[in-house]
Amino acid sequence: MFNKVLIANRGEIAVRIIRACRELGMRTVAVYSEADRQGLHVRYADEAYLLGPAPSRESYLRSDKIIEIALKCGAKAIHPGYGFLAERADFAQDCLDVGLAFIGPKPSSIAAMGDKAVARATVAKAGVAVVPGTEGEGALGDEELLSVAPEIGFPLLIKATAGGGGKGMRVVHHLEEMHSLLHSARREAEASFGDGNVYLEKLVEGARHIEFQILADTHGNVIHLGERECSLQRRHQKLLEESPSPFISDDDEMRQRMGNVAVRAAQAVGYVNAGTIEFLVDKDKNFYFLEMNTRLQVEHPVTEMVTGVDIVKEQIRIARGRQMRYSQENINLNGWAIECRINAEDAYNNFLPSTGQISHSLLPTGPGVRVDTGVYPGFEISPYYDSLISKLIVWGETRAEAILRMRRALEEYKIVGVRTNIPFHQNLMDSHRFMGGQFDTRFVEERFSMEAAEEGKSPRPEIAAIIATLVAHEQTQRAAHIIQRNERDTSNWKWISRWERMQR
Amino acid sequence: MFNKVLIANRGEIAVRIIRACRELGMRTVAVYSEADRQGLHVRYADEAYLLGPAPSRESYLRSDKIIEIALKCGAKAIHPGYGFLAERADFAQDCLDVGLAFIGPKPSSIAAMGDKAVARATVAKAGVAVVPGTEGEGALGDEELLSVAPEIGFPLLIKATAGGGGKGMRVVHHLEEMHSLLHSARREAEASFGDGNVYLEKLVEGARHIEFQILADTHGNVIHLGERECSLQRRHQKLLEESPSPFISDDDEMRQRMGNVAVRAAQAVGYVNAGTIEFLVDKDKNFYFLEMNTRLQVEHPVTEMVTGVDIVKEQIRIARGRQMRYSQENINLNGWAIECRINAEDAYNNFLPSTGQISHSLLPTGPGVRVDTGVYPGFEISPYYDSLISKLIVWGETRAEAILRMRRALEEYKIVGVRTNIPFHQNLMDSHRFMGGQFDTRFVEERFSMEAAEEGKSPRPEIAAIIATLVAHEQTQRAAHIIQRNERDTSNWKWISRWERMQR
Amino acid sequence: MKYVTTIGEREYIIEIVDERHIILDGTPFEVDFDSVSGQPVYSLLLDGQSYESFVYSSEDGWEVLLHGTLYPASVEDEREKRLRAAAGGNIAEAGEFYLRAPMPGLVISILVDEGQSVEKGDVLVILESMKMQNELKSPRPGTIARMRVKAGDSVEQKQTLLSVV
Amino acid sequence: MKYVTTIGEREYIIEIVDERHIILDGTPFEVDFDSVSGQPVYSLLLDGQSYESFVYSSEDGWEVLLHGTLYPASVEDEREKRLRAAAGGNIAEAGEFYLRAPMPGLVISILVDEGQSVEKGDVLVILESMKMQNELKSPRPGTIARMRVKAGDSVEQKQTLLSVV
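Predicted, not measured: the structure shown is a model, and the values here were computed from it.

**Observations regarding the overall build of chain A**
And step 1. Within chain A one finds 18 helices and 22 strands.
And step 2. In terms of C-alpha radius of gyration, chain A reaches 24 Å, essentially the compact-globule figure of 23 Å for 504 residues.
And step 3. Summarising its shape, the C-alpha atoms of chain A cover approximately 80 × 55 × 50 Å along the three principal directions.
And step 4. Considering chain A as a whole, with its 504 residues, one finds that 65% of them fall into the buried category.
And step 5. Partitioning the contacts of chain A with sequence separation of at least 6, the portion at a separation of at least 24 is 65%.
And step 6. Of the roughly 17100 Å² of accessible surface on chain A, a fraction of 50% belongs to carbon and sulfur atoms.

This is how it looks when you write it as structure tokens:
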């Protein structure tokens, strides 16, 4: 049984995994690119080794180098986190071949589920309903895809065969635009996964994206930890997740039915360790298998908050050949959890990525608040990796309490140095459709706008005007070098801090 | 029913209460001294009003001014937090007299329990065992106390009648030293509470300090939320609390027996709202009533973590005349919670208070970690108030998991600008007696030393030597203005940050 | 000192009397205004009401982020205002617009040619950063000039890509 | 550059070869050493082992706080060491000790008089701060000189209270 783990990832998820290992008394090994020398995962790990230059292909995607480091430093297991090498069957196989435990499923399961087309065929055989789309192997050429498209019908989705997280994904409304969209989708897929293959899938409109967390051990036990509501997305990127789903809420019969199907889908590929079955659910509560993510999910914390299960620790126990500590009967969803993905994206400028050094930050704390992050004041947000700064997770006895708690946490959260999407989440928390649980996967893009959201609120332009004026006035005074003497004590340090700013 | 609350406190507890109000949709009013303009409670509240100069007597103890502000701004209730005016019956009465709800017990209960002597007499009448000590009213003169001392027997404790938190408390081993100790105890009590009265109490040696959290509503319901282990103290200041107590652990029969006594003690004074019954427990599991704290406790979060009850929100519901949402049957202790009090005290210099501006801080985050704090980078730790910087609370499925989690959280926690007692807690977490739950109220002072604790560990002096040398080397180079050119990219920002430091 | 501050259509006349007092459109207020830790985060106490906001300086003035709402504001003292009135109209509007890279990235494709006329909102350039493809649009109608980059170039933040006249 | 670094009884010979390499008592190591956010918190990678510590400068050198253990260290380059050897012994030890207030506070009482001789560890002054009474002790035997304060005085951090010769 291993007790030294190499974490083949960066950012918040590397930190999350290091913490789990720490708390299990295991030694941890971080790997990092030249852009991440100051990353928290490097600081928190027992050992850290340089992979190479900043670009992923020269660092976090260098499976050969990662395995070489693991062997050299005596790590006996590798946790891939999510993204990068997490769903690469060949990497998992390479680990096993050199005697390293891979903290994740068998290569065969990754392969089976990793190719979405094969995945759909497999689970369909197991009697699980799937969304209409291209059957057979996923490596169809543009001509084939263009010819089969009308049979599936529009609108439809182009999705990356190796994909996930919306990378290389496109919506097609008419055959005319499909050719150029195929082109850009393949390009993005190539850039993201080094694999430009794509496939087609019917777009179920007004659909919700609801996924089930699966845990399976090597002793044949397979359970689900209930659902996560993931319908709030922008450009197929999840922005907010919650558990339970307000759409299922207390319909336990539906939860168990979907959960059992999810378990069956996992069993269809002899699944082991943690995984997630994604469903599309239409308004009549019909649900279709969408895909299986054969890895830890970004949004796993909401499930941890309501079930009390530490999913990462359970992954490690399973990889060590232990039995799961839970059976289906132990799993109850207690209260309500919501996660907001805090991204370095300018909510007021078309969500353009924002880079730079975080000069100051104030985290929300207190009861029922959890933050998972890999950044801190002084850390540089680089353009090389995704824009996730942190995950803000809250728990409440009810959904209402969770929303109120998230509101105060978002208002408390201060990040200086980069623009973030915190204002987007604040407006979302105030939107009546969100509060009512009335949304589908298109809601954010089609029925939600920052402007409209903000009109709803009682605006305070006069306060903003006063603040802007005071700042401008202060600046003018500084420029004029007016440093008043004999200030009252209370405002002395005010002048001092201005003076400090002048020195910067 | 009120929906605007004035919080008559500062620091982490004011922030804690503001958050609870926020999450209940109530407006919040902060009050602050000239030293606290930048306090988080001022920033987070909807309104904030200046009380006066930094010293407590001119600000947070100005009950008249606080009530005046409440009436002026239309607040309908006052939450006193802990310390300051929290246990002043006259203040509670003044609030009621002008029609303000006091979020706490009735003035009569505060008075009855506030004077420890009366308190002991009251609960003794209710058949609760008390620790031998001075009977009658607590306002005895030095001569009387000196004459009665031998009857109680040595060692004994001098405690402030108006006291709490170890202020004005002294241990007396011989009659000879008692006179001077009385003197200093009265002086400290006077300084802390504006009341120099003290009383005597038998010192039960090898005793544990275990307290029970009480909740009582205006509908006659009184319940307990289980115990907190508070034996780890230094100079009668609690340093670490946990729930459950490892001494009671799974002895549910004892827990219920003590809980029932606690409930009876509270009922003896017609108690309403949140309160705490403190017991001394000897090694044979005999327990004596020590005192009742008629307020919210610093350490309330450990109870919240294991019961799932938000005690502050429940306080507010009770003050609004609602029924408690819990009955005794609903209360179960789930898992294990530990709180470390992070103080601005130099663990390596006799725990001397450390003041200054916090220039940088990195909070521990992730699963099972809660931080309650009122400070942030840029905030000035002043000498005017107590040295509590923050409360670090962790939850684990077991005590072992909680300890491992606290270890990693303490290692992650970085506070720059003041010295803290974090290293003390780190050594405590590593001590075998703590891990084994083998400690009493004298453990920290008599059987624990930083030096001894550190000898136990595998020391890394050579690593420290290398680090010291590299820092000294760097400083020498800076002094010599050696700024090398054509550095490799990876180390450029290293030079930049050095340059920045040079400019400071 | 008297200022005219504009947010949206509305103009506010704000006089700063001293450290502690201002007059907003004729109504006096007590203020306690302070930056937090020397950061562009400001705490305002206005007659006891507590507000906290980010303040960013922007091309045409300031942006105030308050309770999850962004207020673009322009602040002028009376002298400036008279000057601008004299100059007549907003020069920026009439002048040449330079499209600058909002962040470092790779130019995936350029959808316009020099001399081509564009409408407000037309996509000019696709820039890839953080694995996302971002569309850079024209803020106003005009004609494309000074093409400074080509597809495949990697660009620095704020680097000029092209201009619209 | 070669240094002699002392921790407790033990002396370490540490040669800094370049940015990336050092030699500790003859054994070469690869190092990557960096301060975190320009703070006195340092991250050291030593042949891949990751350490993080606070480093404080103290009267007689440095204090390194590593994994909850404090290591007082003195660092000298060889030249300094030779000089000190020549001078003979530690001057600080022999010289006058100034008792300074470790934090702002109120002098509650002074337990010694000028000219009085004290032992190491004797309590000299009681200083109240943060509602706690703190005993300030003598670091070595000697005689009390230069009484600068009296009971009831409030003192600033680092203010000299008295001296021991």
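Once the structure has been displayed, the description carries forward.
**Observations regarding the overall build of chain C**
And step 1. When helices and strands are tallied, chain C shows 2 helices and 16 strands.
And step 2. For a compact globule of 165 residues, the expected C-alpha radius of gyration is about 15 Å, and chain C comes in at 20 Å, more than 25% above that figure.
And step 3. Within the span of chain C, comprising 165 residues, buried residues form 49% of the whole.
And step 4. Excluding contacts between residues fewer than 6 apart, the proportion of contacts in chain C whose partners are at least 24 apart in sequence is 40%.
And step 5. For chain C, the exposed surface amounts to about 7900 Å²; the carbon and sulfur share of it is 51%.
And step 6. Taking the average place of the 16 positive charges on the side chains of chain C and the average place of its 28 negative ones, the gap between the two points comes to 5 Å.

**A closer look at the interface of chain C and chain A**
And step 1. Taken together, the 55 residues of chain C in the interface contact 62 residues of chain A.
And step 2. One can count 2 salt bridges joining chain C with chain A.
And step 3. Residues Glu52(C) and Lys414(A) are paired through a salt bridge, measuring 3.3 Å at the closest nitrogen-oxygen approach.
And step 4. No other element matches the 6 residues that strand E6 (residues 49-58) of chain C contributes to the side of chain C that touches chain A.
And step 5. Looking at the side of chain C that touches chain A residue by residue, the class counts come to 33 nonpolar, 13 polar and 9 charged.

**What to know about the pairing of strand E14 (residues 336-343) of chain A**
All names here are of chain A.
And step 1. Counting buried residues along E14, 8 of its 8 residues qualify, which places the element largely inside the surrounding structure.
And step 2. Bridging between strand E11 (residues 237-243) and E14 involves 4 bridges; their strand directions are antiparallel. What sits directly across from Glu-242, in E14, is Ile-338.
And step 3. Two strands pair when backbone bridges link them, and E14 and strand E21 (residues 388-396) are joined in this way by 8 bridges, in the antiparallel orientation. Looking at the pairing, Trp-336 lines up with Gly-396 of E21.

**Describing the confidence of the model for chain C**
All names here are of chain C.
And step 1. Per-residue confidence for chain C gives a mean pLDDT of 85; residues scoring 70 or more make up 91%.
And step 2. Note that residues 89-93 has pLDDT below 50 and, in this model, 2 contacts with residues that lie over four places away or in other chains.
And step 3. For this predicted complex, the interface confidence reaches an ipTM of 0.81, while the overall pTM sits at 0.83.

**A look at the nonpolar core**
And step 1. Among the nonpolar cores identified, the biggest contains 223 residues, and Leu6(A), Ile78(A), Ile338(A), Leu6(B), Ile78(B) and Ile338(B) are the most heavily contacted of them.
And step 2. When sequence neighbours within four positions are dropped, the list of residues in contact with Ile338(B) reads Leu240(B), Glu241(B), Glu242(B), Val302(B), Leu392(B), Ile393(B), Val394(B), Ala402(B), Ile403(B), Met406(B), Met429(B) and Phe434(B).

**Examining the interface of chain B and chain D**
And step 1. Residue-level contacts link 62 residues of chain B with 55 residues of chain D.
And step 2. Interface area for chain B against chain D, summed over the two sides, is near 5300 Å², with a carbon-plus-sulfur share of 62%.
And step 3. Linking chain B with chain D are 2 salt bridges.
And step 4. One salt bridge connects Arg419(B) with Glu63(D), and the closest N-O pair in it is separated by 2.9 Å.
And step 5. The tally of links from chain B across to chain D stands at 9 residue pairs in polar contact (both at pLDDT 80 or more).
And step 6. For the side of chain B that touches chain D, the secondary-structure elements that each account for two or more residues are helix H8 (175-193), strand E16 (352-353), strand E22 (414-416), helix H13 (422-430), helix H17 (461-479) and helix H18 (489-503) of chain B.

**Digging into helix H7 (residues 142-152) of chain B**
Residues and elements named next belong to chain B.
And step 1. Three or more residues of H7 are buried, namely Asp-142, Leu-145, Ala-149 and Ile-152. Buried residues of H7 fall within an arc of 70° about the axis and therefore sit on the same side. Among the exposed residues of H7, those pointing more than 90 degrees away from its buried face are Glu-143 and Glu-151.
And step 2. Here the buried face of H7 lies against strand E6 (156-160), H8 and strand E8 (198-202).
And step 3. Directly beyond the C-terminal end of H7, a positive phi value near 95° is found at Gly-153.

**Focus: the sheet that holds strand E21 (residues 388-396) of chain B**
Residue and element names in this part refer to chain B.
And step 1. An order of E13-E12-E9-E10-E11-E14-E21-E19 is seen for the 8 strands of this open sheet, with the pairing classed as antiparallel. Edge positions in the sheet fall to strand E13 (287-293) and strand E19 (369-373), since each of these pairs with one other strand and no more. Taking each pair of neighbouring strands and ignoring which way they run, the sheet shows an average axis angle of 25°.

**Observations concerning the sheet that holds strand E16 (residues 160-164) of chain D**
Within a sheet, each strand pairs with its neighbour through backbone hydrogen bonds, oriented either parallel or antiparallel.
Residues and elements named next belong to chain D.
And step 1. Reading across from one edge, E9-E16-E14-E11 is the order of the 4 strands in this open sheet, with antiparallel pairing throughout. Either end of the sheet is taken by a strand with one partner, and the two such strands are strand E9 (97-100) and strand E11 (117-118).
And step 2. Looking at chain direction, E9 and E16 are connected through 4 bridges and run antiparallel. Looking at the pairing, Tyr-98 lines up with Ser-163 of E16.

**Notes on the packing of helix H1 (residues 11-23) of chain A against helix H11 (residues 311-319) of chain A**
All names here are of chain A.
And step 1. One way to put it is that H1 packs onto H11 with a least axis distance of 9 Å and a crossing angle of 65°. Relative to H11, H1 is oriented so that their crossing is right-handed. Packed against H1, whose contacting residues are Arg-16, Ile-17, Ala-20, Cys-21 and Glu-23, the element H11 presents Ile-311, Val-312, Lys-313 and Ile-316 at the interface.
And step 2. For the contact of H1 with H11, the residue count by class is 6 nonpolar, no polar and 3 charged.

**Overview of the environment of Ile393(B)**
Residues and elements named next belong to chain B.
And step 1. Inspection of the secondary structure assignment puts Ile-393 in strand E21.
And step 2. A relative accessible area of 0% means that Ile-393 is categorised as buried.
And step 3. Filtering out sequence-adjacent residues up to four positions away, Ile-393 remains in contact with Pro-301, Val-302, Met-305, Ile-338, Glu-339, Gly-368, Val-369, Arg-370 and Asp-372.

**Brief notes about the packing of aromatic side chains**
Residues and elements named next belong to chain A.
And step 1. What the rule picks out here adds up to 28 aromatic pairs over all chains.
And step 2. Between Phe-434 and Phe-439, the ring centres sit 5.9 Å apart and the planes meet at 15°, which makes this aromatic pair stacked. Summarising the burial analysis for this pair, Phe-434 and Phe-439 share the class buried.
And step 3. Connected via pairs of aromatic rings, a cluster forms that spans Phe-351, Phe-424, Phe-434, Phe-439, Phe-443 and Phe-448.
And step 4. The residue whose ring lies beneath Arg-320 is Phe-2, and the NZ or CZ to ring-centre distance is 5.6 Å.

**Section: empty space enclosed by the protein**
And step 1. Counted under the stated rule, the structure contains 9 cavities of 30 Å³ or more.
And step 2. When residues of the lining of the largest cavity are traced back to their parent elements, those giving at least two are helix H2 (40-44) and strand E18 (360-362) of chain A together with helix H2 (40-44) and strand E18 (360-362) of chain B.
And step 3. Of the residues assigned to the lining of the largest cavity, the class counts are 22 nonpolar, 6 polar and 2 charged.

**Structural notes on the pattern of salt bridges**
All names here are of chain A.
And step 1. Tallied over the full model, the rule gives 102 salt bridges over all chains.
And step 2. Taking the shortest distance from any N to any O, the salt bridge between Glu-304 and Arg-370 comes out at 2.8 Å. In this pair, Glu-304 is assigned in helix H10 (residues 300-307) and Arg-370 in strand E19 (residues 369-373), connecting sequence segments 66 residues apart.
And step 3. Here Asp-346 and Arg-419 are joined by a salt bridge, their closest N and O atoms 3.9 Å apart.

Cut-offs and rules
- Residues numbered from 1 in each chain as written.
- Chains lettered and ligands numbered in written order.
- Predicted model: local features only at pLDDT ≥ 70, side-chain atom pairs only at ≥ 80, totals over all residues.
- Heavy atoms only, no water.
- Helix = DSSP H or I, 4+ residues; strand = E, 2+ residues; numbered from the N terminus.
- Rg over C-alpha atoms; globule rule 2.2 N^0.38 Å.
- Buried < 20%, exposed > 50% of the residue type's maximum accessible area, 1.4 Å probe, protein only.
- Contact = heavy atoms within 4.5 Å.
- Areas by Shrake-Rupley, 256 points an atom, 1.4 Å probe, with all protein chains shown as cover.
- Lys, Arg positive; Asp, Glu negative; His and termini not counted.
- Charge placed at Lys NZ, Arg CZ, Asp CG, Glu CD.
- Salt bridge = Lys/Arg side-chain N within 4 Å of Asp/Glu carboxyl O.
- Nonpolar A, V, L, I, M, F, W, Y, C, P; charged D, E, K, R; others polar.
- Pairing = 2+ DSSP bridges.
- pLDDT = per-residue confidence, 0-100.
- Core = buried A, V, L, I, M, F, W, Y, C linked by side-chain atoms within 4.5 Å.
- Buried area = accessible area lost by both parts, 1.4 Å probe.
- Polar contact = N/O pair within 3.5 Å; in protein donor to acceptor, adjacent residues only side chain to side chain.
- Arc of directions from axis to C-beta.
- Axes fitted to C-alpha atoms, helices over the stretch in contact; angles between N-to-C directions.
- Left-handed = near helix turned anticlockwise from the far one by under 90°.
- Phe/Tyr/Trp six-rings, centres within 6.5 Å; stacked < 30°, edge-to-face > 60°.
- Lys NZ or Arg CZ within 6 Å of the ring centre and 35° of its normal.
- 1 Å grid on protein atoms, 1.4 Å probe; cavity = no way out; pocket = protein on both sides within 12 Å on 5 of 7 lines; lining within 4 Å.
- Points joined across faces, edges and corners; volume = space filled by probe spheres on them.

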